Amino acid sequence: MAEPDVWKKCVSQYKSEVTTRDFEQFIRPLRAINTGERLILEAQNEYVTKQVHQRHLQRICELVAQHCDPGHTILEVQVKTSDQVEPLPVSVKQSTEKRSVLKREYTFARFVEGSSNQYSKQVAQEVAKKPASKINPLLIYGSTGLGKTHLMQSIGHYILGRNNQANVCYMNAQTFVTEMVLALTRDNASKRVRRFTKQFHQADVLLVDDIHLFATKEKCQEEFFHVFNNLIDKENVQIALTSDRYPHEIEGLDTRLRSRFVMGFCTEVKLPDLETRAAILVQVAREQGIKLEPDVALFIATHVKSNVRELIGVLNKVIFDAEYHSYPTITIERIKENLKDLFAVHRRRITIEKIQTTVVEYFHIRLSDILGSSRLQSFVRPRHIAMALAHELTSLPLQAIARHFNRDHTTVMSGIERIRKLRKSDMRVEEDYTSILRKLVN
Ligand code: ADP
Ligand code: MG
């Protein structure tokens, strides 16, 4: 969708009124949709939404009022997170709208690779480069928040980037279901259903998200089956699908559909490992104009391992906290304080005994070597690493950690401090530390 003129004018004036950082971080990335009476500004995440709302919206409203074309009065300006905007089907006839339903950030370039998703990314890129050749349909499956929609929409962006006339049709299965229910509950139901499904027939690329949502919706499955068959039989149409499970595990999914869905190529996305999670955080922060130190990223990634969506959500909270309190940098101490409850849940799962046994296994030494009094360097270093990990991963006070190592708390404190410094100056210590950390938290 073309940027509404009124927005372009507002942006160019507002640029001179705010700092470059505010402009780059909050204003430039907004996507404006002009519905006539309303101007909707879509922000890429909740943090940006809040900031725009609190700090910029009033002035934006004034500028909009100033720049409205005569006779086209915008009565309201709204700012919302793009996730909150219901994704609607692309009208395949109106090529200008194709990109607007694909989220702008969901491109291959922004998809951080790691062992958990590298293969899926390669396959998706292969599909994007050579649509409708070998891999058809492509099915990306895996649990929620792991990047399935991101990868699938990247295919759409890539194909549109090469040919903006391509009919890329993206739809969430839930939208398909809703539209079908609407059509079926009105007069002339079958005509309405036909009209609805006809739009897919001209698609060059059909991207259907969350096909597990078709489960138990028999009529929808039947209609989708026809849409699918119609397209897959054509030579030049690419289909890509996502699901939270392998189709054979979806109860209430027709067996004919199941076999259609897996007849091309299925690839699973898994939870990214610790380093990839940290790399995602660094990248997402950078996109918001914020430099996240690697140890801080690693710290958040260590504690949030449910999925990437939640990981980014935590990062946004952290950034919000730092901006709100005007902290110049984001520190681990501040994060610990800010996200106490979140980390407390996780910490309970890692015991100090587990840390000690993981450390001794890693260094091929015995438990008595780190619990005893030997001052040999090959025992002292692992002992200090175990203390530092206990401090980072458990909520135990220093006195309690000290008891587990048969020492007093000042010894533990200096051990932790030594490791903190060594991690910055000695690559091997940093490597040992993060390798053990990864074993404990992955
Ligand atoms: P799913 O469809 O699997 O539920 P999404 O594709 O919606 O997950 O991803 C959730 C969020 O995590 C999105 O903001 C997405 O951009 C981000 N994300 C997931 N994986 C990655 C990755 N490897 N690199 C960068 N961002 C990612
Ligand atoms: Mg999704």
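Further up the page is the structure itself.
These lines cover the structure that appears in this document, whether it is placed above or below. Model, not experiment: these values are computed from the prediction.

Some words on the pairing of strand β7 (residues 238–243)
Counting buried residues along β7, six of its six residues qualify, which places the element largely inside the surrounding structure. Note: strand β4 (residues 138–141) against β7, four bridges, orientation parallel. The partner of L139 across the bridge, within β7, is L241. Note that strand β6 (residues 205–209) and β7 share four bridges and pair parallel. Each bridged residue has a counterpart across the sheet, and for L207 the counterpart in β7 is A240. Taken together, β6, helix α9 (residues 218–232) and β7 constitute a β-α-β crossover, and its handedness is right-handed.

Things to note about the side chain of T276
Inspection of the secondary structure assignment puts T276 in helix α11 (residues 274–287). Overall, T276 belongs to the buried group, its relative accessible area being 5%. At 2.6 Å, the side chain of T276 forms a polar contact with the side chain of D273. Setting aside its immediate chain neighbours within four residues, T276 contacts V112, E113 and G114.

Comments concerning the pattern of salt bridges
Pairing between side chains of opposite charge can happen when their charged atoms approach one another. Scanning the entire structure with this criterion turns up 21 salt bridges. A salt bridge links E323 to R21; the shortest N-O distance between them is 3.1 Å. Here the residue E323 occupies a position in helix α13 (residues 308–324), and R21 occupies one in helix α2 (residues 20–27), the gap between them amounting to 302 residues. What makes E323 partly exposed here is its relative accessible area of 23%. According to the relative accessible area criterion, R21 is partly exposed, its value standing at 43%. Members of the salt-bridge network, linked through shared partners, are E17, R59 and E62.

Notes on the nonpolar core
Membership of the largest hydrophobic core comes to 78 residues, with the highest contact counts inside it found for W7, L41, I60, V64, I300, I330 and L389. Considering every element that reaches this core, the biggest residue donor is helix α18 (residues 377–393), with eight residues. Excluding anything up to four places from it in sequence, L41 contacts W7, L30, R31, A32, I60, V77, Q78, V79 and K80. Core analysis: the next-biggest nonpolar cluster, separate from the first, contains 32 residues, F214, A215, F228 and F261 among them.

Thoughts on the site of ligand 1
Taken together, the neighbourhood of ligand 1 is formed by 17 residues, with V112, G145, K148, T149 and H150 sitting nearest. Between ligand 1 and the protein, one listed contact pairs an oxygen atom with a backbone N or O atom of L146 at 3.1 Å. The side chain of H150 places a nitrogen or oxygen atom 2.7 Å from an oxygen atom of ligand 1. Contributions of two or more residues to the shell around ligand 1 are made by α6 (148–162) and α13. Tallied by class, the residues present in the shell around ligand 1 amount to seven nonpolar, seven polar and three charged.

Notes on helix α1 (residues 5–14)
Because each turn of an α-helix spans 3.6 residues, side chains separated by three or four positions in sequence point in the same direction. When α1 is considered as a whole, its buried residues turn out to be V6, W7, C10, V11 and Y14. Burial along α1 is one-sided: seen end-on, the buried residues are contained in an arc of 130 degrees. Looking at the packing, one finds that the buried side of α1 touches α2, β1 (31–34), β2 (38–43) and α3 (46–67).

Comments concerning the packing of aromatic side chains
In the structure shown here, the tally under the stated rule is 16 aromatic pairs. Ring pairs connect the aromatic residues F176, F196, F200, F214, F224, F228 and F261, which therefore count as one cluster. Seen from the ring of F320, K50 lies directly overhead, with NZ or CZ sitting 4.9 Å from the centre.

Topic: unusual backbone geometry
Look at the link from N136 to P137: it is a cis peptide, with omega at 0 degrees. Secondary-structure assignment places P137 in the loop between α5 (118–129) and β4. In this structure, D210 takes a positive phi of about 60 degrees despite not being glycine. By the secondary structure assignment, D210 is in the loop between β6 and α9. Residue D210 is classed as buried on the basis of its relative accessible area, which comes to 18%. Here N406, not a glycine, exhibits a phi torsion of approximately 55 degrees, which is positive. Tracing the chain through its elements places N406 in the loop between α19 (398–404) and α20 (409–425). For N406, a relative accessible area of 56% puts it in the exposed group.

Cut-offs applied
Residues numbered from 1 in each chain as written. Chains lettered and ligands numbered in written order. Predicted model: local features only at pLDDT ≥ 70, side-chain atom pairs only at ≥ 80, totals over all residues. Heavy atoms only, no water. Buried < 20%, exposed > 50% of the residue type's maximum accessible area, 1.4 Å probe, protein only. Helix = DSSP H or I, 4+ residues; strand = E, 2+ residues; numbered from the N terminus. Pairing = 2+ DSSP bridges. Right-handed = clockwise from strand over helix to strand, strands pointing away. Polar contact = N/O pair within 3.5 Å; in protein donor to acceptor, adjacent residues only side chain to side chain. Contact = heavy atoms within 4.5 Å. Salt bridge = Lys/Arg side-chain N within 4 Å of Asp/Glu carboxyl O. Core = buried A, V, L, I, M, F, W, Y, C linked by side-chain atoms within 4.5 Å. Near = heavy atom within 4 Å. Nonpolar A, V, L, I, M, F, W, Y, C, P; charged D, E, K, R; others polar. Arc of directions from axis to C-beta. Phe/Tyr/Trp six-rings, centres within 6.5 Å; stacked < 30°, edge-to-face > 60°. Lys NZ or Arg CZ within 6 Å of the ring centre and 35° of its normal.

What is shown is where atoms sit, not what they do.
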